[in-house]
Amino acid sequence: MHRFLVELVAAKRAEPGDDLLSGLVALEDALSSDELVSMAFLALWAGYENLVNLIGNGVRALLSVPDQVAGMDLAVAVEELTRFDQPLQWAIRRFPVRDVVIGGVEIPAGDTVLLGIAAANHDSSVFGDTGLDLRRRVNPHVSYGYGIHRSFGSRLSQVEAGVAFGGLLDRGVRLAVEMGALRWVPSFRNRGLVELPVILG
Ligand code: HEM
């Protein structure tokens, strides 16, 4: 992937097009080559794998609560599906620039800090009953992070996920195997299914 993106950046520098990467390359000294390549990697990877898992996890969750699907508001349901089984378990790693104390725990400068998105999304002091509720209107989940580094593609993902869920439900979708037969990808970082066998129509 790195080699491919280095070549792509060079190609865009030589022959700019009307696209995101050409626009970044045109910023010249504002971004080093490493920054350019990592931005391209992030947009490519972040914009694909997370969405695959949001759709897979979401369809599995929808099929587990058929009684809640009828009459649901799709936009509200998409937010809840994004909270309930978020594709990313942790935010991007962070490092304190000086010693900090969080929740009474001292974290030395330079230590690795992982922010637990999954745990935060199931914090009953915020969400009350954290079970799946497709009608949950107040939904301050942090599946896209929060603040200055909140996901660049959050709006796009919600739109894409809505099209996927709406399209599959309109067409009719049911599991082709027992719920218990589904397997999760063994990953520390990502939350996603190995596969989701379904019957359409
Ligand atoms: C379901 C889909 C997605 C999820 C769950 C997701 C989640 C996240 C999370 C948790 C972060 C890190 C926030 C932090 O550590 O502070 C992030 C950052 C980012 N995401 Fe996404 N994302 C998704 C889709 C996308 C898409 C579609 C794109 C691009 C097209 C994208 C581009 C980015 C970028 C560029 C950042 C870095 C933002 C920054 O550092 O300022 N993401 N995303």
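Structure first, text after, so check above.
Definitions and limits used
Residues numbered from 1 in each chain as written. Predicted model: local features only at pLDDT ≥ 70, side-chain atom pairs only at ≥ 80, totals over all residues. Heavy atoms only, no water. Near = heavy atom within 4 Å. Polar contact = N/O pair within 3.5 Å; in protein donor to acceptor, adjacent residues only side chain to side chain. Helix = DSSP H or I, 4+ residues; strand = E, 2+ residues; numbered from the N terminus. Salt bridge = Lys/Arg side-chain N within 4 Å of Asp/Glu carboxyl O. Donors = N, O, S within 2.8 Å, 3.2 Å for Na, K, Ca; no water. Buried < 20%, exposed > 50% of the residue type's maximum accessible area, 1.4 Å probe, protein only. Contact = heavy atoms within 4.5 Å.

**Q** Describe the site of the ligand, with residues and values.
**A** In the vicinity of the ligand lie 21 residues, with Ile92, Arg94, His149, Ser151 and Ser157 positioned nearest. One of the backbone N or O atoms of isoleucine 92 is found 2.9 Å from an oxygen atom in the ligand. Listed by contribution, the elements that provide at least two residues to the shell around the ligand are helix H3 (33-46) and helix H4 (49-64).

**Q** Got a sec to walk through the pattern of salt bridges? Specific residues and values, please.
**A** All chains considered together, the criterion is met by 6 salt bridges. The shortest N-O distance in the salt bridge between aspartate 73 and arginine 137 comes to 3.7 Å. A residue pair is termed long-range when its members are at least 10 positions apart, and aspartate 73 in the loop between helix H5 (66-69) and helix H6 (74-84) and arginine 137 in the loop between helix H8 (124-127) and helix H9 (154-171) qualify at 64 residues. Between aspartate 85 and arginine 191 there is a salt bridge; the shortest N-O distance is 2.8 Å. Residue aspartate 85 is located in the loop between H6 and strand S1 (100-102), and its partner arginine 191 is located in the loop between strand S3 (173-175) and strand S4 (198-200); the two are separated by 106 residues in the primary sequence.

**Q** Quick rundown of the coordination of the iron atom of the ligand? Include the residues and the values.
**A** Inspection of the coordination sphere of the iron atom of the ligand shows a single protein donor, Ser151 (OG), at 2.1 Å. Looking at where serine 151 falls in the secondary structure, it is placed in the loop between H8 and H9.

**Q** Kindly report on the environment of valine 100, identifying the contributing residues and their values.
**A** Structurally, valine 100 can be placed in strand S1. Judged by relative accessible area, which is 23%, valine 100 ranks as partly exposed. Every residue in contact with valine 100, bar those within four places of it in the chain, is listed here: Val105, Glu106 and Ile107.

**Q** Just give me the short version of the environment of asparagine 50, but keep the residues and values in it.
**A** Its place among the elements puts asparagine 50 in helix H4. The spatial distance from the C-alpha of asparagine 50 to the C-alpha of alanine 75 is 18 Å, given a sequence separation of 25 residues. If we skip the residues at most four places from it in the chain, asparagine 50 touches Trp45, Pro87, Leu88 and Asn190. There is a polar contact of 3.3 Å between the side chain of asparagine 50 and the backbone oxygen of alanine 46.

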